[in-house]
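What follows is each chain in one-letter form.
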Amino acid sequence: MKEISIKDIENIKIGQVEDTEAATGCTVFLRDTGMRAGLDVRGGGPASRDSQLMNPLMAAQEIHGIVISGGSAFGLGAANGVMKYLEEKGVGFDVGITKVPLVVQADLFDLTVGDPYIRPDPDMGYRAAVCADKEQNYRDGNYGAGCGCTVGKICNMEYCMKSGIGSYAIQIDDFKIGAVVAVNALGDIYDYKNGRKIAGLLAEDKKSFADTVEVMKKSLEVVENKFTGNTTLGVVITNAEFNKTQLCKIAGMTHDGYARSIRPVHTSADGDSIFAVSVGDLKVDQDLVGTLAADVMSEAIIRAVTSAESAYGYPSANDIALS
């Protein structure tokens, strides 16, 4: 087994665009000939578009694009720009008078970080699609959907930290699998290999860590609104061949990677979602792929946190002395 770049997985293109002043952005995954995809949503507050396309009962067996974006539900229009770009290329489901690109989207809440009234829109989605198709400009850190990501928000934004988008991929013989994740969690982030906290809720001095769960334990009272800006969005990609039903199961297993690295996770104030995508024809055991998907997702979460740079007044993991 060896580590590879997420860009080394063939038959899928990734591009992203961000507005650094507004602290928001989007990341786009494209395949002109279509890609099989599944989805598993575990958070209680998702913002999504056309997610039912990945229901095994629905007719469509492939999609042409995935968008993960900031802007909460306001940002769901970014997919319109991706659809426009793909339609111009003649990509999509043939309905006679045109081809309809099947583009799904999930958004995270970053409105409390920068300008709450500037969100990803069709123009940003179009530009991100161009970047995917022409440049494949994906990189980890404060880019794309990761631009406005933060973590550790149980005490609101005053004590949170800057996060971002991250990736990790591996290869075993001809088999490849990797993950991309925009980490915007209510909870704290841990290195699953040693259990050490690497980002999240800050203590009063803002130079060390507090513990989100310990803070929650101090009061049993119901908190009516924890929605200060959450949701972790992931895409796991493999060149192994699976159908939509199998990919939904793999997406579900990939959530184990969230659970290892984020605490608490899948809360009512998060929209935690994972897409699983098949872009190849290798025959590989489904349960092995699901297990490895959780592993690469955990590692991608670490990369998202450690690649982020401090911004908008929020420190990054590189600014805090880890203990």
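In case you missed it, the structure is sitting above this.
What this report covers is the structure whose coordinates are included nearby. (Residues numbered from 1 in each chain as written. Predicted model: local features only at pLDDT ≥ 70, side-chain atom pairs only at ≥ 80, totals over all residues. Heavy atoms only, no water.)

### What to know about the nonpolar core
Piece 1. If you look at the biggest cluster of nonpolar residues, it comprises 39 residues, and the most contacted ones within it are Met-161, Ile-177, Ile-189 and Ile-301.
Piece 2. Sequence-distant contacts of Ile-177, defined by excluding residues within four places in its chain, comprise Ile-9, Tyr-168, Ala-169, Ile-170, Val-236, Ile-237, Thr-238, Val-289, Leu-292, Ala-293 and Val-296.
Piece 3. Counting residues in each nonpolar core, the second largest holds 31 residues, with Ile-9, Ile-12, Leu-53 and Ala-169 among its members. (Core = buried A, V, L, I, M, F, W, Y, C linked by side-chain atoms within 4.5 Å. Buried < 20%, exposed > 50% of the residue type's maximum accessible area, 1.4 Å probe, protein only. Contact = heavy atoms within 4.5 Å.)

### Details of the packing of aromatic side chains
Piece 1. Inspection of the entire model under this criterion finds one aromatic pair.
Piece 2. Centroid distance Tyr-85 to Tyr-126: 5.5 Å. Interplanar angle 90°. Geometry classified as edge-to-face. Of this pair, Tyr-85 sits in helix α1 (residues 78–88) while Tyr-126 sits in helix α2 (residues 122–135), and the two are 41 residues apart along the sequence.
Piece 3. For Tyr-85, a relative accessible area of 7% puts it in the buried group. (Phe/Tyr/Trp six-rings, centres within 6.5 Å; stacked < 30°, edge-to-face > 60°. Helix = DSSP H or I, 4+ residues; strand = E, 2+ residues; numbered from the N terminus.)

### Focus: the pattern of salt bridges
Piece 1. Considering all chains together, one arrives at 15 salt bridges under this definition.
Piece 2. In this structure, Asp-40 engages Arg-42 in a salt bridge whose closest nitrogen and oxygen atoms are separated by 2.6 Å.
Piece 3. With a relative accessible area of 15%, Asp-40 lands in the buried category.
Piece 4. We note a salt bridge from Glu-299 to Lys-193, for which the minimum N-O separation is 3.3 Å. Pair noted here: Glu-299 is in helix α5 (residues 286–307) and Lys-193 is in the loop between β13 (188–191) and β14 (196–199), with a separation of 106 residues, a long-range link.
Piece 5. For Lys-193, a relative accessible area of 52% translates into the label exposed. (Salt bridge = Lys/Arg side-chain N within 4 Å of Asp/Glu carboxyl O.)

### Quick look at unusual backbone geometry
For residues besides glycine, phi is generally negative; the peptide bonds are generally trans as well.
Piece 1. Pro-264 follows Arg-263 through a cis peptide bond whose omega is -5°.
Piece 2. Structurally, the position occupied by Pro-264 is in the loop between β16 (262–263) and β17 (273–282).
Piece 3. Look at Asn-11: it is not a glycine, yet its phi comes out positive at around 75°.
Piece 4. Assignment of secondary structure puts Asn-11 in the loop between β1 (2–4) and β2 (13–19).
Piece 5. At Asp-50, a position not held by glycine, the phi torsion is positive, near 55°.

### Remarks on α2
Piece 1. For α2, built from 14 residues, the straight-helix expectation of 20 Å at 1.5 Å per residue is met to within 8% by its first-to-last C-alpha distance of 19 Å.
Piece 2. Along α2, the positions that sit buried rather than exposed are Met-124, Gly-125, Ala-128, Ala-129, Cys-131, Ala-132 and Asp-133.
Piece 3. In the core, the buried residues of α2 are packed alongside β2, β3 (24–41) and α1. (Expected span 1.5 Å × (residues − 1).)

### Brief notes about the packing of helix α4 (residues 244–261) against α5
Piece 1. For the pair α4 and α5, the least separation of the axes is 7 Å and the interaxial angle reads 40°. Comparing the axis directions of α4 and α5 gives the class oblique. Considering how the two elements wind past one another, α4 and α5 form a crossing that is right-handed. Residue-level inspection shows Gln-246, Lys-249, Ile-250, Met-253, Thr-254, Asp-256, Gly-257, Tyr-258, Arg-260 and Ser-261 of α4 in contact with α5, the latter providing Gln-286, Asp-287, Val-289, Gly-290, Thr-291, Ala-293, Ala-294, Asp-295, Met-297, Ser-298 and Ile-301.
Piece 2. When grouped by side-chain class, the residues that make up the contact of α4 with α5 number eight nonpolar, eight polar and five charged. (Axes fitted to C-alpha atoms, helices over the stretch in contact; angles between N-to-C directions. Parallel < 35°, antiparallel > 145°, perpendicular 65-115°, else oblique. Left-handed = near helix turned anticlockwise from the far one by under 90°. Nonpolar A, V, L, I, M, F, W, Y, C, P; charged D, E, K, R; others polar.)

### Focus: the side chain of Gln-171
Piece 1. Residue position: Gln-171 is located in strand β11 (residues 165–172).
Piece 2. Not counting chain neighbours up to four residues away, the residues in contact with Gln-171 comprise Met-1, Lys-2, Ile-4 and Lys-176.

### Thoughts on the sheet that holds β14
Piece 1. An order of β14-β13-β16 is seen for the three strands of this open sheet, with the pairing classed as antiparallel. Two strands bound the open sheet, and with one partner strand each, they are β14 and β16.
Piece 2. Sheet analysis places β13 next to β16, joined by two bridges and oriented antiparallel. Paired with Ile-189 across the two strands is Ile-262, which belongs to β16.
Piece 3. Most of the contacts of α5 go to β13, to which it runs at about 115°, and overall it touches β13, β14 and β16. (Pairing = 2+ DSSP bridges.)

### Structural notes on the pairing of β17
Piece 1. Burial analysis of β17 places eight of its 10 residues in the buried class, the great majority of the element.
Piece 2. Note: β3 against β17, six bridges, orientation antiparallel. Looking across to β17, one finds that Asp-40 is bridged to Ile-274.
Piece 3. Summarising the sheet, strand β15 (residues 233–240) and β17 pair through seven bridges and their orientation is parallel. Looking at β17, one finds that Thr-238 is bridged to Ser-278.

### Side note on α5
Piece 1. With 22 residues, α5 extends 31 Å from end C-alpha to end C-alpha; this agrees with the ideal 32 Å at 1.5 Å per step.
Piece 2. The backbone nitrogen of Asp-287 has a side-chain oxygen 3.1 Å away, supplied by the residue at the start of α5, namely Asp-285. (Polar contact = N/O pair within 3.5 Å; in protein donor to acceptor, adjacent residues only side chain to side chain.)

### Description of the side chain of His-255
Piece 1. Tracing the chain through its elements places His-255 in helix α4.
Piece 2. His-255 sits in the buried class, given a relative accessible area of 1%.

That is the geometry; function is a separate question.
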